[in-house]
Amino acid sequence: MKILAIESSCDETAAAVVEDGRTVLSNIVASQVEEHKLYGGVVPEIASRRHAEAIVGVVDEALRAADCMLGEIDAVAVTHAPGLIGALLVGVNFAKGLSLATGKPLIPTHHLRSHIAANYISHKELKPPFLCLVVSGGHSHIVEVKDYTRMEVIGRTRDDAAGEAFDKAARAMGIPYPGGVTLDKLAEAGDDSAFVMPHPHVDGAPYDFSFSGLKTAVINLIHNRQQKGEEIPVADICASYRRAVVGCLTDRFLKAADDLGYTTLVIAGGVSANALLRRELERQCKGKYDLYMPEKALCGDNGAMVGSQAYYEYLAGNIAQSDLNAIATLPISERGF
């Protein structure tokens with residue numbers, strides 16, 4: 001089964017052709033990052049306009065790269081939630097038009113479910129059930145993946161997401177957008193024991209995260225040194241801060257795995273590309289857990305992950321009609337249509 005998948009939830013216009021949920025025939029991404037750098041972050045209105053301008057070309061290129069005609073496609077999939085509402089609407093409306101014009105089934109997909117599904121492409125042997133740490137700019141969840149379309153969040157951030165915490169700390173250090181990626185690279189050359197960072201916990205919620213206090217601590221550290229006229233050792237601060245964030249993520253994730261009896265562990269989302277997070281999980285899981293991580297090229301937003309998850313949504317009968325709408329916020333456990 002060949003699925004044409006469309007992703008436009010934030011600032012990447014993406015399309016892919018995926019066969020049977022595991023084989024990627026094409027995967028095209030048009031990024032807007034250079035334009036949003038001018039503003040220090042994603043501007044929703046600009047993102048929506050650029051999606052509208054790029055989507056025809058991106059979809060056409062995905063079909064061409066897959067050596068596939070539109071008539072050979074068996075279904076059209078699209079991210080319909082969660083995300084920037086204007087950006088989502090571009091993809092949803094385009095996909096609905098294709099579905100109506102071709103008579104192909106329309107498969108809505110949840111953005112975070114799709115991030116998890118990126119692992120099905122990187123690891124064809126992976127099957128639920130497993131425990132997944134989903135970490136991105138807007139989300140930090142520990143998810144029980146009971147089946148391909150049945151999931152339950154058992155831990156979540158109470159304030160900032162991990163990716164957001166990285167970006168805000170980077171901004172305080174004068175690191176340009178996208179800050180989290182650059183912070184990760186700078187940290188590789190730093191001393192992660194140079195500064196003591198807090199390790200916040202959430203009372204009564206052992207699997208939940210809280211990053212706002214940690215973010216405030218690093219901002220105060222920078223401001224205090226600036227006020228005293230002291231040097232700002234950017235690489236050391238990046239490394240110390242990254243160590244604290246990753247420590248929070250790995251501690252909660254592995255505690256949940258132990259408590260719930262999971263031995264198959266998965267990570268997903270943009271922050272799953274973080275170099276220290278990958279190294280630490282590999283080190284701590286060795287000999288105890290089976291750890292799966294997506295290829296770094298599939299950690300960010302892309303159409304291939306949408307096509308992978310859409311295959312399993314289709315098998316579960318999750319097909320939408322022409323009244324499908326975009327949804328800005330939707331729990332991973334819900335369909336939303």
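Since we're looking at a predicted model, the values are computed, not measured. (Residues numbered from 1 in each chain as written. Predicted model: local features only at pLDDT ≥ 70, side-chain atom pairs only at ≥ 80, totals over all residues. Heavy atoms only, no water.)

### Some points on unusual backbone geometry
In this structure, Pro129 follows Pro128 across a cis peptide bond, with omega equal to 5°. Here Pro129 lies in the loop between α4 (111-122) and β6 (130-135). For the peptide bond that leads from Tyr177 to Pro178, omega is 0°, which places it in the cis range. Mapped onto the secondary structure, Pro178 falls in the loop between α5 (162-172) and α6 (179-187). Although it is not a glycine, Asp20 sits at a positive phi angle of roughly 55°. On the secondary structure map, Asp20 appears in the loop between β2 (12-19) and β3 (23-31). On the basis of relative accessible area, Asp20 is assigned to the partly exposed category, the value being 35%. Positive phi, close to 55°, is recorded for Asp67, a residue that is not glycine. (Helix = DSSP H or I, 4+ residues; strand = E, 2+ residues; numbered from the N terminus. Buried < 20%, exposed > 50% of the residue type's maximum accessible area, 1.4 Å probe, protein only.)

### Quick word on the pairing of strand β1 (residues 2-7)
Regular strands have side chains that alternate between both faces of the sheet. Where burial is concerned, most of β1 is hidden: 5 out of the 6 residues are buried. Sheet topology places β1 next to β2; 6 bridges connect them, and they run antiparallel. Residue pairing in the sheet places Ile3 in a bridge with Val18 of β2. Pairing of β1 with strand β4 (residues 75-81) involves 4 bridges; the strand directions are parallel. Bridge pairing links Ala5 to Ala77 in β4. (Pairing = 2+ DSSP bridges.)

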